[in-house]
Amino acid sequence: MAVLQMRRINICAMKKNRKKILEFLQRKGCLEIQTTDSEDSVFGKMNTATQISIFERNAALADNALEVLDKYCPEHKSMLAALEGKEPIDYEEYQQSINNQQDIMALVNKILQADKSIAEKEAAVIKCNEEIEALKPWLRLDVSMNYQGTKKTGFLLGSISGTYTQESLIAQMEQIEEMPDSVYMQVIDSDKYQTYVTVIFIREQQEQVERALREFAFSRPPIITSHIPEISTEKRKKAVISIQKEIENIKQELERYAERRAEIREIADYYVVRADKYRVVGSILQSKHTFFVTGFIPEKEIHSLKENLEERFTVVIDVEEPDEKEEVPVLLSNSKTAGAVEGVVTSFGYPTKKEIDPTAVTAFFYYFFFGIMLSDAAYGLIMFLGCLWALKRFPNMSEGMQKSLRMFKNCGISTLIWGILFGGYFGDAITVIGNTFFGVNITVPALWFAPIEKPMQMLIYCMIFGIVHLFVGLGIKGYMMLRQKDIMAFVCDVVFWYVFLIGLILMLIPTSIFGSLAGTTIIFPAWANVLAKVMTIGGMAGILLMAGRRAKNPVKRLLLGAYSLYDTTSWLSDLLSYSRLLALGLATGVIAQVINTMAAMGGRSVVGVIMFILIFVIGHVFNMAINLLGAYVHTNRLQYVEFFGKFFEGGSREFKPFKENTKYVNVKEN
């Protein structure tokens, strides 16, 4: 477990080499470049906002083009496509796309234009269909909808509220006083809410007729055509067919464009990388002939970077220790086994200067507790083989995904071991299958003991594991104090607590309460009982007198000490949290046994075998999934709350080097 030592590096070089040096640093990805604000008459900054905007716009256009292709020409991907990671490509192929960037961006614009055209044509289809729907009630009309009438007669068409027949409409008209006798209304169609009518009237009476029609809530049609509705409908149907053919032609064209999807991805990543480079160009100090780069670099990378830069360019490189008050980024370095749990640690926080990297210790307890909580050898073997297969099958997956799969692979090994110790193989599946289908009693005994048969014994072991876990956390706290040469804090805040807590444990073991839980009575010799009491009282006195040692007022010091002693309740609650090891372990085993019993209810028959297979597979998949999730959540909780709460605060920031942050491809250097 280690936090890599960081050094501040200052690089001064000729401005003519700026492009090549920055691109080299970006490819190496080992230097976190810092923004400098100390501008003067010689050194200033370059405004790169325009270039960044252009590159970001081009990257966004390329991304949009890829989304269009995914929309109309989706790639056929497997269910595990998310594990594939970035596509590895040769540098020559990548460089060829860069050289053809204008051609590729022209293709991008064609794709986006095609998408826009499809959207416009689909909107036109929707409009035509809406107009066809609006014309449906008027299909029986035998004159054009924009017909105005003759010189002396007027013609209107529209809808009135309510459902009428021709007879009921005439009767309703007679009840309206303002309605002239010469008006003729004809029903064309009707539905549940409206009646569609034509109105013929003497043109001189138009105003009177319109006032009378208001009584019917008369409204004109939403669409007026210059042809009879039937002809207008046919024209629109033909237009829809024609537009849909055009859309299909555009989609076929997009399918041809999709063959160059890889080039678009490469150019999208290229513009992202360029934008990142120009952000750095705009943040560093430059003079007329030189430029200056400063930042943090891991100590192990200094020699290689310095050698490469000095070999290729004219540079001046200075490496120095970071200032004590400076916020130095953190980069963790662990073995593959421990490093798989780095995500758990960093989710809580990055260690500060005064803290150590707890990843290795956390990894040991993480695998240990996860295995106890799942505790079925078959489940563990499935986890191990599944994660191992995925890691071998998809070597290009992201680093974060690799770490997660390695973590679950190691958890699978732990689960397998604990399953063998506890005798769990799909619960009691071997015994149930033997009794049900072969008439023989086959049992695979637990290498240690079965928690289902001895839950109280398992609870005792869980408490012991919890005490060890908590004591290790307290020990790490003491180690950090010794490393800072704070001997007083080590004695007062660590040693006294060890003495006090061990004394309490030694006093508890001979009691009847512990005996009832353990199923056996342990009797200490008299000197051991005296030692336990002396340790408890001595540790309590030390905490009471020294926990508030920084307070000058003796009364306040005692009060602070008493308050610190109150943390004993916190230790007790933390210890009780480890009972979840028993709870989740029993849950896995009990549910597995219930599934096996249900599956065997069909007996020894063809139907029984089919029933057994279905219930067994579905039940155990569900049991494994739900208990795997529970083990993951509660193992994290034991680390974050109980373990880290004793020594780890975090608060530093992650090391973020200047590198090629590509999204789609991983360029392989020759």
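See the structure printed just above.
Each value, and the rule that gives it
- Residues numbered from 1 in each chain as written.
- Predicted model: local features only at pLDDT ≥ 70, side-chain atom pairs only at ≥ 80, totals over all residues.
- Heavy atoms only, no water.
- Helix = DSSP H or I, 4+ residues; strand = E, 2+ residues; numbered from the N terminus.
- Rg over C-alpha atoms; globule rule 2.2 N^0.38 Å.
- Buried < 20%, exposed > 50% of the residue type's maximum accessible area, 1.4 Å probe, protein only.
- Contact = heavy atoms within 4.5 Å.
- Areas by Shrake-Rupley, 256 points an atom, 1.4 Å probe, with all protein chains shown as cover.
- Salt bridge = Lys/Arg side-chain N within 4 Å of Asp/Glu carboxyl O.
- Phe/Tyr/Trp six-rings, centres within 6.5 Å; stacked < 30°, edge-to-face > 60°.
- Lys NZ or Arg CZ within 6 Å of the ring centre and 35° of its normal.
- Axes fitted to C-alpha atoms, helices over the stretch in contact; angles between N-to-C directions.
- Parallel < 35°, antiparallel > 145°, perpendicular 65-115°, else oblique.
- Nonpolar A, V, L, I, M, F, W, Y, C, P; charged D, E, K, R; others polar.
- Pairing = 2+ DSSP bridges.
- Patch = residues over 30% accessible without salt bridge, like charges linked within 9 Å, V, L, I, M, F, W, Y side chains within 5 Å.
- Lys, Arg positive; Asp, Glu negative; His and termini not counted.
- Charge placed at Lys NZ, Arg CZ, Asp CG, Glu CD.
- Polar contact = N/O pair within 3.5 Å; in protein donor to acceptor, adjacent residues only side chain to side chain.
- Core = buried A, V, L, I, M, F, W, Y, C linked by side-chain atoms within 4.5 Å.
- Expected span 1.5 Å × (residues − 1).

**Student:** I'm lost on the overall build of the protein in this one. Help?
**Tutor:** When helices and strands are tallied, the protein shows 23 helices and 12 strands. Relative to the 2.2 N^0.38 estimate, which gives 26 Å for 670 residues, the radius of gyration of the protein is 40 Å and therefore markedly larger than a compact globule would have. Taking the principal axes of its C-alpha atoms as reference, the protein extends roughly 125 × 85 × 65 Å. Here the protein holds 670 residues, and 44% of them are scored as buried. In the protein, of all internal contacts separated by at least 6 residues, the share reaching a separation of at least 24 is 82%. Looking at the protein as shown, the accessible area adds up to about 36000 Å², and 58% of this sits on carbon and sulfur atoms.

**Student:** For this particular structure, what's the right way to read the pattern of salt bridges?
**Tutor:** Pairing of side chains with opposite charge becomes possible as their charged atoms draw close. Inspection of the entire model under this criterion finds 23 salt bridges. Each of Asp70, Glu75, Arg261 and Arg265 takes part in one network of salt bridges that share partners.

**Student:** I keep staring at the packing of aromatic side chains and nothing clicks. Help me out?
**Tutor:** The geometry of an aromatic ring pair is captured by two quantities: the separation of the ring centres and the angle between the planes. Taken as a whole and judged by the stated rule, the model has 43 aromatic pairs. Pairing Phe348 with Tyr640 gives two aromatic rings, centres 5.6 Å apart and planes at 25°, and the pair type is stacked. With Phe348 in helix H11 (residues 342-348) and Tyr640 in helix H23 (residues 606-643), the pair connects residues that are 292 residues apart, well separated along the chain. For the pair Tyr379 and Phe426, a centre-to-centre distance of 5.8 Å together with 75° between the ring planes defines the contact as edge-to-face. Of this pair, Tyr379 sits in helix H13 (residues 377-393) while Phe426 sits in the loop between helix H14 (399-422) and helix H15 (429-438), and the two are 47 residues apart along the sequence. By relative accessible area, which is 0% here, Tyr379 ends up buried. Just above the ring of Phe296 sits the side chain of Arg8; from NZ or CZ to the centre is 4.5 Å.

**Student:** How should I be thinking about the side chain of Asn58 in this particular structure?
**Tutor:** With respect to the element layout, Asn58 can be found in helix H2 (residues 49-72). In this structure Asn58 comes out as buried when scored by relative accessible area, which is 12%. Aside from chain neighbours lying at most four places away, what touches Asn58 is Met105 and Tyr271.

**Student:** Before we go on, may I ask you to explain the packing of helix H4 (residues 101-135) against helix H8 (residues 261-283) in this structure?
**Tutor:** When two helices pack together, you describe them by how their axes are tilted relative to each other and by the distance separating the axes. Orientation of H4 relative to H8, taken along the N-to-C sense of each, is 110°, at an axis distance of 10 Å. By the angle between their directions, the pair H4 and H8 is classed as roughly perpendicular. Judged by residue contacts, Gln101, Ile104, Met105, Leu107, Val108 and Ile111 of H4 engage Glu263, Ile264, Ile267, Tyr270 and Tyr271 from H8. Residue composition of the contact of H4 with H8, grouped by class: nine nonpolar, one polar and one charged.

**Student:** Just to check I follow, could you spell out the sheet that holds strand S5 (residues 153-161) for this structure?
**Tutor:** What holds strands together in a sheet is hydrogen bonding between their backbones, with the strands either parallel or antiparallel. One open sheet holds the three strands; their spatial order is S5-S7-S6, and the pairing between them is antiparallel. Both edges of this open sheet fall to S5 and strand S6 (184-190), since each of them pairs with a single strand only. Between one strand axis and the next, the sheet turns through 20° on average, direction left out of account. Bridge count for S6 against strand S7 (residues 194-202) is six bridges, and the pairing is antiparallel. Note that in S7 the partner of Tyr184 across the bridge is Ile200.

**Student:** Got a minute to help me understand the packing of helix H3 (residues 91-99) against H8 in this structure?
**Tutor:** One can describe the packing of H3 onto H8 by two numbers: an axis separation of 9 Å at closest approach and a directional angle of 80°. The angle between H3 and H8 falls in the class roughly perpendicular. Facing Glu93, Tyr94, Ser97 and Ile98 of H3, the residues of H8 in contact are Glu263, Glu266, Ile267, Asp269 and Tyr270. Split into classes, the residues belonging to the contact of H3 with H8 amount to four nonpolar, one polar and four charged.

**Student:** Explain a negative patch on the surface here, please?
**Tutor:** On the surface, Glu87, Asp90, Glu92 and Glu93 cluster together into a patch of negative charge. Elements represented by at least two residues in the negative patch include exactly strand S4 (87-90) and H3. Relative to the helices and strands, Glu87 resides in strand S4. Since its relative accessible area comes to 35%, Glu87 is described here as partly exposed.

**Student:** For this particular structure, what's the right way to read the pairing of S7?
**Tutor:** Walk down a regular strand and you will see the side chains alternate between the two sheet faces. Relative to S7, S5 is paired through nine bridges, and the arrangement is antiparallel. Each bridged residue has a counterpart across the sheet, and for Ser161 the counterpart in S7 is Gln194.

**Student:** Would you mind going over the environment of Tyr72 with me for this structure?
**Tutor:** Structurally, Tyr72 can be placed in helix H2. Between the C-alpha atoms of Tyr72 and Leu254, which are 182 residues apart in sequence, the distance is 7.5 Å. Residues in contact with Tyr72, not counting those within four places in the same chain, are Asp115, Ile118, Lys251 and Leu254. Of the polar contacts made by the side chain of Tyr72, one reaches the side chain of Lys71; its length is 3.4 Å.

**Student:** Hey, could you run me through the environment of Gln484 in this one?
**Tutor:** Within the element layout of this structure, Gln484 appears in the loop between helix H16 (455-483) and helix H17 (487-508). Judged by its relative accessible area of 42%, Gln484 falls in the partly exposed class. As for Gln484 and Glu355, which are separated by 129 residues in sequence, their C-alpha atoms are 9.8 Å apart.

**Student:** Sorry, what's going on with the nonpolar core here?
**Tutor:** Nonpolar side chains tend to gather and get buried jointly when the protein is soluble and globular. Tyr366, Tyr367, Phe369, Phe370, Met407 and Leu581 are the most contacted members of the largest nonpolar core, which has 63 residues in total. In terms of residues, this core owes the most to one element, H16, which gives 11 residues. Sequence-distant contacts of Tyr367, that is, excluding residues within four places in its chain, are made with Thr337, Ala340, Val341, Met407, Asn410, Cys411 and Ser414. Counting 40 residues, the second-largest nonpolar core is a separate cluster that includes Phe55, Val240, Ile264 and Tyr270.

**Student:** Would you explain unusual backbone geometry in this entry?
**Tutor:** Trans is the common state for peptide bonds, and a negative phi is the common state for residues other than glycine. Phi is positive for Ser375, which is not a glycine, with a value near 45°. Relative to the helices and strands, Ser375 is located in the loop between helix H12 (359-374) and H13. We classify Ser375 as buried; its relative accessible area is 11%. Its identity as a non-glycine residue notwithstanding, Lys485 has a phi of 60°, on the positive side. Along the chain, Lys485 turns up in the loop between H16 and H17.

**Student:** How should H2 be read in this particular structure?
**Tutor:** Helical periodicity: at 3.6 residues per turn, an α-helix aligns residues three or four positions apart in one direction. With 24 residues, H2 extends 35 Å between its outermost C-alpha atoms, agreeing within 8% with the 34 Å of an ideal straight helix rising 1.5 Å per residue. Taken together, the buried positions of H2 are occupied by Ile52, Phe55, Asn58, Ala59, Leu61, Ala62, Asp63, Ala65, Leu66, Val68, Leu69 and Tyr72. Buried residues belonging to H2 abut H4, helix H7 (229-257) and H8.

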